[in-house]
Amino acid sequence: MYKMKGIIYKVDLGGEIYVGSTTTKLSKRQANHNSDLRKGKFTDKHKLYSKCVEKNIENIKCIWVEDYNFQKIEHLRQREEYYRKNFNEIVGCSILNTNRCKNSYKDDLDSNKKHKEKGAERRKILDKYRSSIRYSCLYCKEELSLQHRTRHERTQRHCNNILDDVLDKWDFNKNNLIYNKCL
Ligand SMILES: [Zn+2]
C-alpha cells in the first residue's frame, strides 16, 4: 500500500525548532543542509540558514523523529505539519519554518465541520423517525412514540406494571416463573 519511505527530522536551534522531512538518508539530508548553509541561502524561503548565522550555528544537526511511509508527497508534508503543531502546542517549542502544505490544516477543519454537520443532520432524521414510529408497551398496554421510550421505561408506573406482570407469573411455591403463563 505504501510506496515511499520518508523520514521526519528536526533541527534544534536553541529554543526554536525546524521540522523537515526527507526521502533520502538523514545523513545525506544533513550534508545538503550544511552545504546550503555554506552557500549562504539566506532568503525568506530559507529561514533555517539565516537563523543559523544569527545564532552562530556552523553545523546543522538533523535529529531523527520518525520513519514515515507514504503514498503521496502531500502526506509526508502533512506529517511534518503534524509534528510542527505537536512540538508547538504540546512541547511548547516555537517553530521556525511554516507549513509547507498550506491547505491541509484548513482542509482538516473543513472536513471536520462537514462531518459534524452530517452528524447533526443524521440525528435530526433519527429523531424524526423515532417520533414518527410508535410502539406499544406490553406492560402498560399503551401506545407510545419510540422517541419517548427510554423516558417511559423509567417511570414508576411502567416499573410497577412490570412488577405486577412478574408477580402474576410467579409461582410462590416453586419460587419460579409459572411457565405456561409465560408463553
Ligand atoms: Zn410501560
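That block above? That's the structure.
Presented here is a report on the structure given in the accompanying data block. Computed from a predicted model, the values in this text were never measured in an experiment. (Residues numbered from 1 in each chain as written. Predicted model: local features only at pLDDT ≥ 70, side-chain atom pairs only at ≥ 80, totals over all residues.)

## Brief notes about the overall build of the protein chain
Test applied: By definition, any uninterrupted DSSP run of H or I lasting at least four residues is a helix, any uninterrupted run of E lasting at least two residues is a strand, and each is numbered from the N terminus. Remark: C-beta atoms are placed from the backbone, and a residue is labelled buried if 20 or more other C-beta atoms sit within 10 Å of its own, exposed if 12 or fewer do, or partly exposed between those counts. A pair of residues counts as a contact when their C-beta atoms, built from backbone coordinates, are separated by no more than 7 Å.
Counting its regular elements, the protein chain contains seven helices and eight strands. Going through the 183 residues of the protein chain one by one, you find that 13% of them count as buried. In the protein chain, the proportion of contacts linking residues at least 24 apart, taken out of those at least 6 apart, comes to 51%.

## Quick look at unusual backbone geometry
Located in the positive-phi region is N56, a residue other than glycine, with phi close to 60°. Relative to the helices and strands, N56 is located in the loop between α2 (47-54) and β3 (63-70). For K141, which is not glycine, the phi dihedral falls at a positive 50°. Mapped onto the secondary structure, K141 falls in the loop between β5 (134-137) and β6 (142-145).

## With respect to the sheet that holds strand β4 (residues 94-95)
The condition that has to hold: Strands qualify as paired when DSSP identifies two bridges or more between them. As a rule, the C-alpha atoms of each element are fitted with a line to give its axis, helices using only the stretch in contact, and angles between N-to-C directions run from 0 to 180 degrees.
Taking strand neighbours across the sheet as the criterion, the four strands line up as β3-β1-β2-β4 in an open arrangement whose pairing is mixed. Edge positions in the open sheet fall to β3 and β4, since each of these has one partner strand only. In terms of strand pairing, strand β1 (residues 4-12) meets strand β2 (residues 16-22) through six bridges, oriented antiparallel. If you follow I7 over to β2, its bridge partner there is T22. Most of the contacts of helix α1 (residues 26-39) go to β1, to which it runs at about 50°, and overall it touches β1, β2 and β3. Where helix α3 (residues 73-91) meets the sheet, it contacts β1, β2, β3 and β4, and its direction lies at approximately 160° from that of β2.

## Comments concerning the pairing of β5
Bridge count for β5 against β6 is four bridges, and the pairing is antiparallel. From the neighbouring strand, C137 faces β6, where its bridge partner is E142. In sequence, β5 turns back onto β6 through a hairpin of four residues, with K141 there showing a positive phi of about 50°.

## Topic: the nonpolar core
To keep it simple, the criterion reads: Here, a nonpolar core means buried Ala, Val, Leu, Ile, Met, Phe, Trp, Tyr and Cys residues linked by C-beta atoms lying within 7 Å of one another.
Residues V11, Y18, L48, C52 and I60 are the most contacted members of the largest nonpolar core, which totals 13 residues. Looking at this core, the elements with two or more residues in it are β1, β2 and α2. Setting aside residues no more than four positions away along its own chain, L48 makes contact with V11, Y18, L96 and N97.

## Digging into the environment of Y68
Topologically, Y68 is positioned in strand β3. A residue is classified by how many C-beta atoms lie within 10 Å of it, and Y68, with 19 of them, is partly exposed. In this structure the C-alpha to C-alpha distance between Y68 and E80, which are 12 residues apart in sequence, comes to 9.9 Å. Every residue in contact with Y68, bar those within four places of it in the chain, is listed here: G6, I7, I8, L76 and R79.

## Overview of α2
Let me state the cut-off plainly: What the arc measures is the spread of directions leading from the helix axis to the C-beta atoms.
Those residues of α2 that sit buried are L48, Y49 and C52. Angularly, the buried residues of α2 cover 95° about the axis, an arc narrow enough to put them on a single face. Opposite the packed face of α2, turned more than 90 degrees from it, sit the exposed residues V53 and E54. In the core, the buried residues of α2 are packed alongside β1, β2 and α1.

## Thoughts on the environment of L37
Residue placement: L37 occurs in helix α1. Residues L37 and S50 lie 13 residues apart in sequence; the distance between their C-alpha atoms is 8.3 Å. What L37 contacts, discounting residues up to four positions off in sequence, is Y49, C52 and I60.

Function cannot be inferred from these measures alone, as they are strictly geometric.
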